[in-house]
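Spelled out from the first residue to the last, the chains are:
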Amino acid sequence: MIATIVSVLTNPQFLIPLFAAISVFATVVTLLSPYFERDQLGARMKAVSLEREQIRARERARLAEESQRASLRNEAKPFMRQIVEKFNLRATLADAGTKTKLSMAGFRGQAPLIAFLFARVTVPILFLAVALFYLFALTEWEQPGAVKVFVAVVFAYGGFYAPILYLTNIINKRQLSIQRAWPDALDLMLICVESGMSSEAAFRKVSEEVGVESVALAEELTLVTAELSYLAERRQAYENLSARTGLESVKSVMTSLIQAERYGTSLGTALRVLSQESRNRRMNLAEKKAAALPPKLTVPMIVFFLPVLLAVIVGPAAIQLMERL
């Protein structure tokens with residue numbers, strides 16, 4: 001039985017159609033996935049409401065000098081927490097930058113941190129076990145055992161950085177979503193401020209309106225509204241938003257808000273200028289991508305389009321020539 005499975009898995013006539021079917025399936029799923037995406041605004045707003053309640057509980061506990069603070073966040077799995085605490089992974093794998101990256105990806109609290117540290121330990125072991133099983137049991141690769149073990153260790157090393165790559169990918173997608181919707185959010189904020197609204201009311205109104213375009217930005221603005229209401233210093237709320245997004249455009253706006261509240265300068269003028277700069281930056285980014293498109297299409301055209309074009313043009317003439325000869 002095992003010999004039959006190994007012969008089937010190592011047969012090129014079986015593997016090539018299998019990989020082709022997987023590629024076609026992945027292409028179809030990629031093309032159709034936007035039509036089946038669910039609206040995540042409600043779920044993310046619910047998570048933000050939990051964050052707001054956590055801020056409220058923490059500040060009330062601080063003001064009342066209570067010994068225990070309320071926690072409204074979901075706890076991590078017990079076995080994950082046990083492994084992290086047993087091997088002291090917080091001291092070896094986690095630092096201030098890890099928590100900042102998790103917050104930039106939208107993961108806040110201790111539960112995501114524990115899950116991330118648990119993944120960095122277990123994923124390499126999983127990759128190593130799968131690689132060893134495939135190399136020694138499923139394939140007949142004619143190489144010494146030391147070479148196979150080295151290849152499996154390389155896979156395990158890649159698994160150690162797989163959670164970091166996953167987190168970086170989420171951060172990039174989240175920043176792109178925020179960056180695209182940020183100029184529109186600034187325009188709405190400018191309208192709210194010039195109509196006489198306070199900063200908290202402006203952030204709350206913009207978070208309700210911009211959620212259709214960017215769920216991530218709506219979540220961050222809602223968190224800012226909560227922090228402005230409950231933190232002792234308003235400056236800390238603006239700085240937290242800059243740290244959670246990691247975008248220079250957001251940081252410049254938050255700096256302007258801090259200076260406006262400190263020196264009493266006009267907030268409307270600063271928002272108008274910053275909104276125009278953000279819109280120009282977004283347009284420049286779109287023009288940069290459009291200018292980089294022709295060089296990126298050169299290799300696919302040479303590899304895929306030109307052979308087919310030559311076959312269509314030269315094929316009939318070659319067939320006629322072969323018939324005459």
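Located above this text is the structure these notes cover.
These lines cover the structure that appears in this document, whether it is placed above or below.

This next bit is on the overall build of the protein chain. Summing up its helical and strand segments, the protein chain has 13 helices and zero strands in all. N-terminal to C-terminal, the α/β element order of the protein chain is α-α-α-α-α-α-α-α-α-α-α-α-α. Among the 325 residues that make up the protein chain, the fraction classed as buried is 30%. Partitioning the contacts of the protein chain with sequence separation of at least 6, the portion at a separation of at least 24 is 66%. Accessible surface, the protein chain as shown: approximately 21100 Å² in total, 65% of it carbon and sulfur.

Quick look at the pattern of salt bridges now. Tallied over the entire structure, the rule returns 14 salt bridges. Where Arg234 meets Glu200, a salt bridge forms, and the shortest distance between an N and an O atom there is 2.3 Å. One end of the pair, Arg234, is in helix 11 (residues 234-245); the other, Glu200, is in helix 9 (residues 199-210), and 34 residues separate them in sequence. The partly exposed category is assigned to Arg234, whose relative accessible area is 27%. The salt bridge partner of Glu261 is Arg234, with a shortest N-O separation of 2.9 Å. Here Glu261, found in helix 12 (residues 248-263), pairs with Arg234, found in helix 11; they are 27 residues apart in sequence, far enough to count as distant. Overall, the relative accessible area of 38% leaves Glu261 in the partly exposed class. Through salt bridges that share partners, Arg108, Arg174, Glu219, Glu220, Glu227 and Arg244 make up one connected network.

If you walk through the whole model with that rule in mind, you get two cavities of 30 Å³ or more. Within this model, the largest cavity holds a volume of roughly 50 Å³. If you trace the largest cavity, you find it lined by Gln179, Trp182, Pro183, Ser249, Ser278, Arg281 and Arg282. The set of elements that each furnish at least two residues to the lining of the largest cavity consists of helix 8 (145-194) and helix 13 (267-324). For the lining of the largest cavity, the per-class residue count stands at two nonpolar, three polar and two charged. Space inside the second largest cavity adds up to approximately 30 Å³. Lining the second largest cavity we find Ser249, Ser252, Val253, Leu274, Glu277, Ser278 and Arg281.

What counts, and where the lines are drawn
- Residues numbered from 1 in each chain as written.
- Predicted model: local features only at pLDDT ≥ 70, side-chain atom pairs only at ≥ 80, totals over all residues.
- Heavy atoms only, no water.
- Helix = DSSP H or I, 4+ residues; strand = E, 2+ residues; numbered from the N terminus.
- Buried < 20%, exposed > 50% of the residue type's maximum accessible area, 1.4 Å probe, protein only.
- Contact = heavy atoms within 4.5 Å.
- Areas by Shrake-Rupley, 256 points an atom, 1.4 Å probe, with all protein chains shown as cover.
- Salt bridge = Lys/Arg side-chain N within 4 Å of Asp/Glu carboxyl O.
- 1 Å grid on protein atoms, 1.4 Å probe; cavity = no way out; pocket = protein on both sides within 12 Å on 5 of 7 lines; lining within 4 Å.
- Points joined across faces, edges and corners; volume = space filled by probe spheres on them.
- Nonpolar A, V, L, I, M, F, W, Y, C, P; charged D, E, K, R; others polar.

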